[in-house]
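Structural characterization, general
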Amino acid sequence: MTIAVNELTLALPHIRLAATAYGDADKPLLLALHGWLDNAASFAPLAEVLTNYRLLAVDWPGHGDSEHRPGSYPLHWIDYLYDLHGVLMHLAGEGLRPTAIIGHSLGGIVASAYLASYPDATDALVLIEALGPLTERPGKTRERLARSFDSHWQWATSSANPKVYASFETVIEARHRLTGLDKVACELLLRRNFAATDAGVVSKTDPRLKFDSPMRLTPAHGEAFIRGFALPSLLLTGDSGYEQLKALFELSAPLYQNLTQVRLTGDHHLHMTHPQACAAAINAFLASQAQG
C-alpha cells in the first residue's frame with residue numbers, strides 16, 4: 001500500500017525542525033521520535049503498515065534536514081525535552097494532539113522523561129527499545145565531564161574538513177558493516193543524513209552528537225522521573241536488541257503503573273526491519289486503550 005507522504009517544516013521559537021507526515025490528515029495522529037543519529041525516515045517502514053493513523057516523524061536538531069543547535073558548546077539530552085515541548089505546542093496551535101507518542105531509543109528516553117511531567121500531552125506512550133531516562137552512576141561524573149570538554153574543545157578548535165565519501169553506496173556499506181543493520185534500512189537513514197556535493201558525499205549530521213555530553217542523570221534522578229508513571233505504555237523490545245534493556249527492565253518496569261511489554265523478533269531497529277509485527281502490537285495496544 002502506498003500512503004501519502006508530506007515533508008514539513010516546524011518553525012519553533014528556538015529552532016527549525018524538519019518532519020515527515022505519513023498518511024491522511026483526517027486520521028488519528030501519532031507523533032514519532034527517532035533514535036540517536038537516525039532521522040524521521042526511520043519510521044517510513046512502520047508508517048507504511050500502520051495505516052489506521054497519520055504518523056508525524058520529526059528530525060531532532062542536528063539530524064536529517066533539521067537545523068543544528070547554534071554555537072559550538074557541548075550538547076545534552078535534556079535539550080530534547082524543550083524541542084519536544086516546542087513540537088507539541090506547535091501542534092496544539094494547529095488544534096492537534098497526538099493520540100500516542102512513539103519513541104525509539106533516544107526518542108523513547110526523551111518521551112518518557114517529558115511525559116512524566118506532562119502526562120496529559122497524549123493518551124499513550126509506545127517505547128521501542130527504550131525504557132526511561134539515560135542514567136549513570138555518580139562515580140563517573142568527573143571522568144565524563146573532562147572527556148566531554150576535551151573532545152568538544154578539540155573539535156571546536158580544529159580546522160579539519162568533514163570526511164568526504166565517494167558515493168552513497170560507500171556510506172551505506174560502511175554503516176551496514178559497523179552496525180549490522182540491513183542495507184535497505186541503512187539507505188533509508190543515510191539518504192536523509194547525508195548530502196551529495198561536487199567533491200562527494202558528506203554528512204549533514206551535527207558532529208557534536210558523537211561526543212559525550214558533560215553530565216548524565218544519576219539512577220536516583222532517573223527513577224524519580226518514572227516512579228508512579230501512570231500513562232498507558234507499551235514497550236517493544238527485540239530478541240536481539242540491546243542487552244542492557246533486559247537488566248534495565250527488571251529495575252524500571254515496577255516503577256511504571258501501566259506498562260505492557262511485547263518482545264518481538266528483531267534487533268535495535270525492529271520497527272524498520274520488522275514493521276508488520278511492530279504495527280500489529282501497536283494497533284492491538286491502542287485499540288485496547290480506546291476500549292477502556
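Higher on the page you've got the structure.
Below is a short write-up of the structure. Every value quoted in this text rests on a predicted model; they were computed, and no experiment measured them.

Some points on the state of the cysteines
Counted by the stated rule, this structure contains 0 disulfides. Distance from the sulfur of C186, which forms no disulfide, to the nearest cysteine sulfur (C278) is 17 Å. Here C186 falls in the buried class, since its relative accessible area comes to 0%.

Comments concerning helix α2 (residues 79–93)
With 15 residues, α2 should reach 21 Å at 1.5 Å per residue; the first-to-last C-alpha distance of 22 Å fits that figure. In this fold, the buried residues of α2 make contact with β1 (5–11), β2 (16–22), β3 (29–33), β4 (54–58), β5 (100–104) and α3 (106–117). Of the residues one or two after α2, G95 is the one with positive phi, at around 75°.

Concerning the pairing of strand β10 (residues 259–264)
Successive residues of a regular strand alternate their side chains across the two faces of the sheet. Bridge analysis of strand β9 (residues 233–238) against β10 gives 6 bridges, and the strand direction is parallel. Bridge pairing links S233 to L259 in β10. After leaving β9, the chain enters helix α8 (residues 244–252) and then returns to the sheet as β10, a path that is right-handed.

Here we look at the packing of aromatic side chains
Under the criterion given, the structure shown has 5 aromatic pairs. Ring centres of Y114 and Y118 lie 4.8 Å apart, and the angle between their planes is 15°; this geometry places the pair in the stacked category. Note on Y114: relative accessible area 4%, which makes it buried. If you follow R69 out to its NZ or CZ, it ends over the ring of Y80, 5.2 Å from the centre.

Describing the side chain of R69
By the element assignment, R69 lies in the loop between β4 and α2. Of note is the side chain of R69, whose polar atom sits 2.4 Å from the side chain of D83. Each residue touching R69, except ones within four places of it in the same chain, is listed here: I15, P61, L75, D79, Y80, D83, D206 and R208.

What counts, and at which threshold
- Residues numbered from 1 in each chain as written.
- Predicted model: local features only at pLDDT ≥ 70, side-chain atom pairs only at ≥ 80, totals over all residues.
- Heavy atoms only, no water.
- Disulfide = S-S within 2.5 Å.
- Buried < 20%, exposed > 50% of the residue type's maximum accessible area, 1.4 Å probe, protein only.
- Helix = DSSP H or I, 4+ residues; strand = E, 2+ residues; numbered from the N terminus.
- Expected span 1.5 Å × (residues − 1).
- Contact = heavy atoms within 4.5 Å.
- Pairing = 2+ DSSP bridges.
- Right-handed = clockwise from strand over helix to strand, strands pointing away.
- Phe/Tyr/Trp six-rings, centres within 6.5 Å; stacked < 30°, edge-to-face > 60°.
- Lys NZ or Arg CZ within 6 Å of the ring centre and 35° of its normal.
- Polar contact = N/O pair within 3.5 Å; in protein donor to acceptor, adjacent residues only side chain to side chain.

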